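One letter stands for each residue in the lines below.
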Amino acid sequence: MNNITKNHIKDKLFSATGIFSTLIGLILLAVFIGDIIVEGAGRINWDFITGLPSRKAEKAGIYTAMIGTVWVLVLTTIISFPIGVSAGIYLEEYAKKGRLSRLLEVNISNLAGVPSIIYGLLGLEIFVRILGFGNSLLAGSMTLSLLILPIIIVATRESIKAVPQSIRDASFAMGATKWQTIQYQVLPASFGGILTGIILALSRAVGEAAPLIVVGALAYVPFVPSSPMSEFSVLPIQIFNWISRPQHEFLVNAAAAIIILLIITFIMNGIAMYLRSRWQKKIKW
Amino acid sequence: MLNMETEEIIMENEVRLTKKTENLVTGNTGINTEYEIIARNLNVFYGEFQALKDVNMNILPYTVTAFIGPSGCGKSTFLRVFNRMNDYIDGFRIEGEVFVSGTEIYSNRIKLEELRRKVGMVFQKPNPFPKTIFENVAYGLRIQGVKDKHFILERVERSLKQVVLWDEVKDNLHKNALALSGGQQQRLCIARTLAVEPEVILMDEPTSALDPISTGKIEELIFELKNEYTIVIVTHNMQQAARISDHTAFFYLGELIEQGHTKDIYTNPKNKRTENYITGRFG
Amino acid sequence: MKRTRETVIEKFLLSSALITILTTVGIISVLAFEAVKFFREVSIIDFFTDTQWTPLFTKKHFGILPLLSGTFLTSAIAIAFALPIGLSIAIYLSEYAPKRFREFIKPALELLAAVPTVVYGFFALTVVTPFLQKIIPGMSGFNSLSAGLVMGIMIIPIISSLSEDALRAVPNSLREAAYGMGSTRFQTAIKVAVPAASSGIVVSVILAISRAIGETMIVAIAAGQQPRLTLNPLVPVETLTAYIVQVSLGDVPHNSLEYRTIFAAGITLFVFTFALNNISHWIKNKYREKYE
């Protein structure tokens, strides 16, 4: 066997390795999800979804955790959306190249790398204790908002950057002010991308458990939260709690709740991907 | 029925026009107001680089003035001086005076938005907004705060007729402007500028991205428009400058080498470099 | 009027941007503040040299080493698993795969990073550990091996996607030169593209390590909650993050020493991830304009 054939075989061999590597993660994920469905699908019924938590596995439901997740989602959106988009606009349209903008940029990419549990410690000290919000939905949502802010800012900047300069020139040349140009031209043209980023960021927030555990979200909340100041639980924490129990019945509950959580996450990701592809197709300058 | 804001804007425009006429008659600004645009001892810098060197120019109202010269000679920079579009470039600095219809436009009192309403601009590549045809033309009025639907509708129709685009698009006013052909897009951009009734229209190589037929239409249009507007055009195309302009100015390495009646420049250039450029020996 | 409006808007946008600075300042001062109080009661030498971590027991030890070893053990397993796979994916997608396959598979791979981490924890505990126990008898129900492996699956997309970006930034002229001399695709990839993209690949690995160190729920669920100074992947350990969760779940009074231990663990974690992130930025900036 000469060198050329040997190299040729190596080439083919790597090609196979590449395909295998690409698929192995997805195959494992599929196996896991299959296992979860086998385990938990039978447990999902109306009582499970509308049931309050209980010490008895067969009676326990996810209602309070699900409502908690919805609350967290809404509050986090309300807090993080305006701040994140505003910061992104500032950095892309207003900030002059200089120390401040470099500092802001480095800082944001650093924040993106801070582990989520550290945000939990920040929220625990600032929102729960110093500001006195207690172990409330508000404290939890503010913590998650800070956590996803870098994602929203980066997505906003990317989408704004994609709007060609010629559009801004045309608007300025018509006598529009800077904000008019942003409001009427830049934002409408980049909205699809911004929205995609926000949905992805929120889907990240929906799956977070660690920072909320640290700010004191509870595993057992017998009441549906009624205001931002209520104590709360969310689906991931409910799941974590059930996984930690020794009885197998609770693992079945966990699997069932995971199915619901995965459905929510995948729907959000699906919407984001759909918006992204549609937006990319629509805008061709 | 015009609403208050619209009326105000119309009034404002009228006052502006009257003032301008007065200025022309009395010359009470202390400068020669026979001219629409005056540039005096103008130097422009981008950081260390000097883009324009001691340029002086007077432009008469209702004429077409063409700026010619090789790439990087400063002609586009000079054009963008008149609506202050260079202001956004890092390190931009200007010395000297520029007057547009009697007002010093680099003074602190000037409002950029008002200046640009008065001095419209058409760009090299057609750059319609990614909105409907209608919204493109209505944009200037909308940002001025005009709410009156009838008024806007009339203005849009008139502007589109001025650029001879009305018949082509009147049934598709609510289609995306990006669906138009390049030549149509450029005419739309001109209509967009006309809709706010400017006095001066700056054109930065408006036909360089277009095919010959579209180019011809735009040139015809420029010829028509000079009855109502003062037009300054930057062009790479020698024949175009000769066809459409009354006055021509030749720039080279940031200096204004020669200016005068187009006929004179083309038939009897005084400067050797102008002659070389026009006859195509460099550029 | 219009000008005031413009200024007000700009100030509002600026203050939104400054919230990010405030966040960083907040994180650092909160961690430092509580850690200082912690180190008033616990000697910093004990903290780094004691081999036991038992703040919740009656006989208290405050040695961070067991939590560090747990963190590094699980992270090392994750990287050891994700690096070869992630890199193979990156090379395959950038050098071999047809465009359509790539466009289809990339979003699918991103899905791996979108799955909530409690879900991965469940997999590790209920699927991977029982499976591994069949192969490795005597393996504990909580262990760093299955937690690390599952964490590896989660960080595959970080390595594959950032490395692929780096590989695709390598100019085609380099590849053509290699092909021109008779190289196979594999030789071109290994001998030309990968070395040329090495800084980007290193950045992707560093970010993946940082992500693994900070990962919480997988290890809290599957690796156990027993601080232990060991490199044995088959026994229960506890990571920095899992410890913070463990304390947060309990009823520890504010302003107690136990309460402060989570900030001591937090600042240790923060220092490591902060350093790793900054090293990756530094590498990225240093090599950014290589091909521009």
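Treat the numbers as computed from the prediction; the structure is a model and nothing was measured.

Trainee: It is not clear to me how the overall build of chain C should be interpreted in this structure. Could you clarify?
Mentor: Within chain C, the regular secondary structure consists of twelve helices and zero strands. Secondary structure elements of chain C, listed N to C terminal, follow the sequence α-α-α-α-α-α-α-α-α-α-α-α. C-alpha atoms of chain C, sized along the principal axes, occupy 75 × 70 × 35 Å. Looking at the 292 residues of chain C, the share that counts as buried comes to 55%. Taking all contacts inside chain C whose residues are at least 6 apart in sequence as the whole, residues at least 24 apart take part in 70%. Carbon and sulfur atoms make up 66% of the accessible area of chain C, which totals about 12,600 Å². A distance of 5 Å separates the average location of the 24 positive side-chain charges in chain C from that of its 18 negative side-chain charges.

Trainee: Looking at this model, I keep getting lost on the overall build of chain B. Mind explaining?
Mentor: Regarding its fold elements, chain B presents eleven helices and ten strands. Here chain B holds 283 residues, and 55% of them are scored as buried. Of all intrachain contacts in chain B linking residues separated by at least 6 positions in sequence, the fraction that spans at least 24 positions is 68%. For chain B, the computed accessible surface area is about 13,100 Å², with 50% contributed by carbon and sulfur atoms.

Trainee: How should the packing of aromatic side chains be read in this particular structure?
Mentor: Think of a pair of aromatic rings as described by two things: how far the centres are apart, and how the planes are tilted against each other in angle. Counted by the stated rule, this structure contains 28 aromatic pairs over all chains. For the ring pair Phe78 of chain B and Phe251 of chain B, a centre distance of 5.5 Å and an interplane angle of 50° mean the geometry is tilted. On the criterion of sequence distance, the pair formed by Phe78 of chain B in helix α2 (residues 75-81) and Phe251 of chain B in strand β9 (residues 247-252) is long-range, its members being 173 residues apart. Look at Phe78 of chain B and you get buried, because its relative accessible area is 0%. Assessed through its relative accessible area of 0%, Phe251 of chain B is described here as buried. Within the aromatic cluster, the residues linked to one another by ring pairs are Phe38, Phe39, Phe47, Phe48, Trp53, Phe62 and Tyr243 of chain C. The lysine or arginine in question, Arg245 of chain A, covers the ring of Phe250 of chain A, its NZ or CZ lying 4.4 Å from the ring centre. Note that Arg192 of chain B overlies the ring of Phe129 of chain B, its terminal NZ or CZ placed 4.4 Å from the centroid.

Trainee: Looking at this structure, I do not really get a positive patch on the surface. What am I missing?
Mentor: A surface patch of positive charge is lined by Lys111 of chain B together with Lys2, Arg3 and Arg5 of chain C. Counting through the fold element by element, Lys2 of chain C comes out in helix α1 (residues 2-41).

Trainee: Looking at this structure, how should I read the interface of chain A and chain C?
Mentor: Frequently, the measure chosen for interface size is the accessible area removed from exposure when the parts meet. The interface of chain A with chain C comprises 76 residues on the first partner and 77 residues on the second. Note on chain A versus chain C: buried area summed over both sides is about 6,700 Å², and carbon and sulfur give 77% of it. Sorting the residues of chain A by area buried against chain C places Phe14, Phe32 and Phe240 of chain A first, and these three jointly supply 10% of that buried surface. Put simply, chain A and chain C have two salt bridges between them. For the salt bridge of Arg185 of chain C with Asp11 of chain A, the shortest nitrogen-to-oxygen distance reads 3.9 Å. Connecting chain A to chain C are twelve residue pairs in polar contact (both at pLDDT 80 or more). The element best represented in the side of chain A that touches chain C is helix α1 (residues 3-40) of chain A, accounting for 21 residues. Looking at the side of chain A that touches chain C residue by residue, the classes come out as 50 nonpolar, 19 polar and seven charged.

Trainee: Explanation requested: a nonpolar patch on the surface in the structure shown.
Mentor: All names here are of chain A. Side chains of Ile19, Leu23, Ile27 and Val31 sit close together on the surface and give an oily, nonpolar patch of about 300 Å² of accessible area. With respect to the helices and strands, the residue Ile27 is situated in helix α1. Relative accessible area serves as the criterion here: at 47%, Ile27 is assigned to the partly exposed category.

Trainee: Just checking my understanding: could you explain the environment of Leu60 of chain B for this structure?
Mentor: Residues and elements named next belong to chain B. Following the sequence through the fold, Leu60 ends up in the loop between β2 (49-59) and β3 (64-68). Looking at Leu60, the relative accessible area reads 29%, which means it is partly exposed. As for Leu60 and Asp246, which are separated by 186 residues in sequence, their C-alpha atoms are 9.9 Å apart.

Trainee: It is not clear to me how the domain arrangement of chain C should be interpreted in this structure. Could you clarify?
Mentor: All names here are of chain C. Domain annotation for chain C reports domain 1 (2-41) and domain 2 (65-291). Of note, the centres of domain 1 and domain 2, computed from C-alpha atoms alone, are 30 Å apart. Counting residues at the interface gives ten residues for domain 1 and ten residues for domain 2. When the buried surface of domain 1 facing domain 2 is broken down by residue, Leu31, Glu34 and Phe38 rank first, second and third, together holding 53% of it. The interface formed by domain 1 and domain 2 holds two salt bridges in total. Residues of the side of domain 1 that touches domain 2, tallied by class, amount to seven nonpolar, no polar and three charged.

Trainee: How should I be thinking about the pattern of salt bridges in this particular structure?
Mentor: For side chains bearing opposite charge, pairing can occur when the charged atoms are close. In this structure the tally under the stated criterion is 27 salt bridges over all chains. Note that Asp204 of chain B and Arg80 of chain B form a salt bridge whose closest N and O atoms lie 3.7 Å from each other. With Asp204 of chain B in strand β7 (residues 200-204) and Arg80 of chain B in helix α2, the pair connects residues that are 124 residues apart, well separated along the chain. Note on accessibility: Asp204 of chain B and Arg80 of chain B belong to one class, buried. Within the structure, one salt-bridge network assembled from shared partners comprises Lys106, Glu164, Asp165 and Arg168 of chain C.

Trainee: Explanation requested: helix α6 (residues 137-161) of chain A in the structure shown.
Mentor: Each α-helix winds once per 3.6 residues, and so residues spaced three or four apart point in a common direction. All names here are of chain A. Along its 25 residues, α6 runs 35 Å from first to last C-alpha, staying within 8% of the 36 Å computed at 1.5 Å per residue. Maximal helix bending in α6 amounts to about 40°, located at Ile148; proline Pro150 follows within four positions. Counting buried positions over the 25 residues of α6 gives 20, a clear majority of the element.

Trainee: Help me understand the confidence of the model for chain B, please; the structure alone is not making it clear to me.
Mentor: One rule of thumb: low pLDDT means the predicted coordinates there are not for detailed reading. All names here are of chain B. In the predicted model, chain B carries a mean pLDDT of 88, and 88% of its residues have values of at least 70. Ranking the elements of chain B by mean pLDDT puts helix α1 (residues 4-26) last, at 53, and strand β8 (residues 230-234) first, at 96. For residues 21-29, every residue scores under 50 in pLDDT, and the model assigns this stretch nine contacts once sequence neighbours within four places are set aside.

Trainee: I'm lost on the packing of α1 of chain A against helix α8 (residues 185-196) of chain C in this one. Help?
Mentor: Each packed pair of helices is defined by two parameters, the angle between the axes and the distance between the axes. Viewed as axis vectors pointing N to C, α1 of chain A and α8 of chain C meet at an angle of 75°, and their least axial separation amounts to 7 Å. In terms of orientation, α1 of chain A and α8 of chain C fall into the roughly perpendicular class. Where α1 of chain A abuts α8 of chain C, its residues Asn7, Lys10, Asp11 and Phe14 of chain A lie against Arg185, Phe186 and Gln187 of chain C. Per-class residue counts for the contact of α1 of chain A with α8 of chain C are two nonpolar, two polar and three charged.

Trainee: Sorry, what's going on with helix α4 (residues 99-112) of chain A here?
Mentor: An ideal rise of 1.5 Å per residue puts 20 Å on 14 residues; α4 of chain A measures up with 20 Å between its terminal C-alpha atoms. Among all positions of α4 of chain A, only Ser101, Leu104, Asn107, Ile108, Asn110 and Leu111 of chain A are buried.

Trainee: Would you mind going over the packing of helix α3 (residues 65-96) of chain C against helix α9 (residues 198-214) of chain C with me for this structure?
Mentor: All names here are of chain C. Running from amino to carboxyl end, α3 crosses α9 at an angle of 145°, the nearest separation of the two axes being 9 Å. Handedness of the α3/α9 crossing: right-handed. Listed contacts from α9 to Thr71, Phe72, Ser75, Ile79, Leu83 and Leu87 of α3 are Ile201, Val205, Ala208, Ile209, Ala212 and Ile213. Residue composition of the contact of α3 with α9, by class: ten nonpolar, two polar and no charged.

Trainee: Would you take a moment to explain the nonpolar core for this structure?
Mentor: Generally speaking, nonpolar side chains in soluble globular proteins are found buried as a group. Core analysis: the largest hydrophobic core is formed by 217 residues, its most contacted members being Phe67, Phe78 and Phe251 of chain B together with Tyr120 of chain C. Among all residues touching Phe251 of chain B, those that are not within four sequence positions of it are Leu52, Val55, Met57, Phe67, Ile68, Gly69, Pro70, Cys73, Lys75, Phe78, Leu256 and Ile257 of chain B. In this structure, Leu188, Ile190, Leu221 and Tyr277 of chain B belong to the second largest nonpolar core, which totals 44 residues.

Trainee: Would you mind showing me how to read the pairing of β3 of chain B here?
Mentor: One face of the sheet, then the other: side chains in a regular strand alternate in exactly this way. Residue and element names in this part refer to chain B. Burial of β3 is extensive: five of the five residues sit out of reach of the surface. By the alternation rule, side chains of β3 split into Val64, Ala66 and Ile68 and Thr65 and Phe67, which are all buried. Strand direction decides the pairing type here: β3 and β8, joined by four bridges, are parallel. Paired with Val64 across the strands is Ile231, a residue of β8. Direction of pairing for β3 relative to β9: parallel, over a ladder of four bridges. Residue pairing for β9: Phe67 is matched across the bridge by Ala249.

Basis of the calculations
Residues numbered from 1 in each chain as written. Chains lettered and ligands numbered in written order. Predicted model: local features only at pLDDT ≥ 70, side-chain atom pairs only at ≥ 80, totals over all residues. Heavy atoms only, no water. Helix = DSSP H or I, 4+ residues; strand = E, 2+ residues; numbered from the N terminus. Buried < 20%, exposed > 50% of the residue type's maximum accessible area, 1.4 Å probe, protein only. Contact = heavy atoms within 4.5 Å. Areas by Shrake-Rupley, 256 points an atom, 1.4 Å probe, with all protein chains shown as cover. Lys, Arg positive; Asp, Glu negative; His and termini not counted. Charge placed at Lys NZ, Arg CZ, Asp CG, Glu CD. Phe/Tyr/Trp six-rings, centres within 6.5 Å; stacked < 30°, edge-to-face > 60°. Lys NZ or Arg CZ within 6 Å of the ring centre and 35° of its normal. Patch = residues over 30% accessible without salt bridge, like charges linked within 9 Å, V, L, I, M, F, W, Y side chains within 5 Å. Salt bridge = Lys/Arg side-chain N within 4 Å of Asp/Glu carboxyl O. Buried area = accessible area lost by both parts, 1.4 Å probe. Polar contact = N/O pair within 3.5 Å; in protein donor to acceptor, adjacent residues only side chain to side chain. Nonpolar A, V, L, I, M, F, W, Y, C, P; charged D, E, K, R; others polar. Domains from an automatic or database assignment. Expected span 1.5 Å × (residues − 1). Bend = angle between axes of the 7 residues up to and from the residue. pLDDT = per-residue confidence, 0-100. Axes fitted to C-alpha atoms, helices over the stretch in contact; angles between N-to-C directions. Parallel < 35°, antiparallel > 145°, perpendicular 65-115°, else oblique. Left-handed = near helix turned anticlockwise from the far one by under 90°. Core = buried A, V, L, I, M, F, W, Y, C linked by side-chain atoms within 4.5 Å. Pairing = 2+ DSSP bridges.

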